[in-house]
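Understanding the architecture of this molecule
Given next are the chains, with one letter for each unit.
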Amino acid sequence: MIHCAPKRLVASFAARRAIHTVTDLRSDTVTRPTKGMLRAATEAPLGDDVMGEDPTVNALEEFAADLFGKERALFCPTGTMANLAAILSHCHYNKSSEIIIGAKSHINLYEGSCSNFATAFPLPNHI
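Residues numbered from 1 in each chain as written. Predicted model: local features only at pLDDT ≥ 70, side-chain atom pairs only at ≥ 80, totals over all residues. Heavy atoms only, no water.

**Re the overall build of the protein chain**
Selection rule: Counting from the N terminus, the helices are DSSP H or I runs at least four residues long and the strands are E runs at least two residues long. What makes two residues a contact is simply this: any of their non-hydrogen atoms within 4.5 Å. Here the Shrake-Rupley method, with its probe set to 1.4 Å, supplies the accessible areas, and only the displayed protein chains count as covering residues.
Per the secondary structure count, the protein chain includes six helices and two strands. The long-range share in the protein chain, meaning contacts at least 24 apart out of those at least 6 apart in sequence, stands at 29%. When the accessible surface of the protein chain is summed, it comes to about 10,600 Å², and 61% of that surface belongs to carbon and sulfur atoms.

Written out as structure tokens, the structure reads:
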């Protein structure tokens, strides 16, 4: 709940939520694509994203870079991949780095191999 928003704004969001179907995006294991999503995926133009030839990935990365005012963006298809990229980008110079993470963070609870792969030692913050 947004604590600083006016009550009528919060009520408006709650009313819309009750009317519209909610798509659960917590994990790729609970999300069920709609027919429109499946159609879009099967009809999307294809290319090799590693070689920079996938027009959909290129458009998404360009959109994200523009949105955040950055020169470039990188598409990470999973949260684990994004977390690993973030750890490696900060700990690449020292292979015995330590990372301070929340005790209840996804990295701490479910992605131990992520920090192990990066040879960064997690230090959970229990505050």
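Read on, since the account is not over.
**Quick look at the nonpolar core**
Basically, it comes down to this: By nonpolar core is meant a set of buried Ala, Val, Leu, Ile, Met, Phe, Trp, Tyr and Cys residues that side-chain atoms within 4.5 Å join together. Burial here depends on accessible area, computed with a 1.4 Å probe over protein chains only, as a share of the maximum for the residue type. Under 20% is buried, over 50% is exposed, and the range in between is partly exposed.
Core analysis: the biggest nonpolar cluster contains seven residues, these being Ile-87, Cys-91, Ile-99, Ile-101, Ile-107, Ala-118 and Ala-120. Taken together, the elements giving at least two residues each to this core come down to α4 (79-91) and β1 (98-102).

**Description of the pairing of β1**
Stated precisely, the cut-off is as follows: Pairing between two strands requires that DSSP report at least two bridges joining them.
Residues Ile-99 and Ile-101 point to one face of β1 and are all buried, whereas Glu-98, Ile-100 and Gly-102, pointing to the other face, are not buried. Summarising the sheet, β1 and strand β2 (residues 121-125) pair through five bridges and their orientation is parallel. Looking at the pairing, Gly-102 lines up with Asn-125 of β2.

**Things to note about the side chain of Glu-111**
As a reminder, the rule being used: Counting of polar contacts relies on pairs of N or O atoms within 3.5 Å, with two restrictions inside protein: one atom must be capable of donating a hydrogen and the other of accepting it, and residues adjacent in sequence are counted only when both atoms are side-chain atoms.
Here Glu-111 lies in the loop between α5 (106-110) and α6 (112-117). According to the relative accessible area criterion, Glu-111 is buried, its value standing at 3%. Only 2.9 Å separates the side chain of Glu-111 from the side chain of Thr-80, close enough to count as a polar contact. The residues contacting Glu-111, other than those within four sequence positions of it, are Gly-79, Thr-80, Asn-83 and His-106.

**Remarks on helix α3 (residues 55-68)**
Heads up, the condition is: A helix is expected to reach a length of 1.5 Å times the quantity of its residues less one. Of all possible arcs, the one meant is that of the directions from the helix axis to the C-beta atoms.
Taking 1.5 Å as the rise per residue, α3 with 14 residues should run 20 Å; its terminal C-alpha atoms sit 20 Å apart, in good agreement. Looking only at α3, the buried set comprises Val-57, Glu-61 and Ala-65. For α3, the arc enclosing every buried residue in end-on projection is 70 degrees, short of the 170-degree limit, so these residues lie on one face. Within α3, the exposed residues directed more than 90 degrees away from the buried face are Glu-62, Phe-63, Asp-66 and Leu-67. N-cap assignment for α3: the residue whose side-chain oxygen lies 2.9 Å from the backbone N of Thr-56 is Asp-54. Count one or two residues on from α3 and you reach Gly-69, which has phi positive near 65 degrees.

**Some thoughts on a nonpolar patch on the surface**
Rules: To count toward a patch, a residue needs a relative accessible area over 30% and no salt bridge; like charges are then connected within 9 Å, while nonpolar side chains (Val, Leu, Ile, Met, Phe, Trp, Tyr) are connected within 5 Å. For this analysis, a salt bridge means a side-chain nitrogen from Lys or Arg found within 4 Å of a carboxyl oxygen belonging to Asp or Glu.
A cluster of nonpolar side chains, contributed by Leu-60, Phe-63, Leu-67, Phe-68 and Phe-75, occupies part of the molecular surface with about 550 Å² of accessible area. On the secondary structure map, Leu-60 appears in helix α3.

**Notes on the side chain of Glu-61**
Rule in force here: When charges are tallied, Lys and Arg are placed among the positive residues and Asp and Glu among the negative ones, while His and the ends of the chain are skipped.
You can see Glu-61 is positioned in helix α3. Although Glu-61 is buried, it makes no salt bridge; Arg-72 carries the closest opposite charge, 4.9 Å away. Ignoring any residue separated from it by four or fewer positions in sequence, one finds Glu-61 in contact with Ala-73, Leu-74 and Phe-75.

**Topic: the environment of Thr-78**
Assignment of secondary structure puts Thr-78 in the loop between α3 and α4. For Thr-78, a relative accessible area of 35% translates into the label partly exposed. Remark: the alpha-carbon pair of Thr-78 and Ser-27, spanning 51 residues in sequence, is separated by 9.0 Å. At 3.0 Å, the side chain of Thr-78 forms a polar contact with the backbone nitrogen of Met-81.

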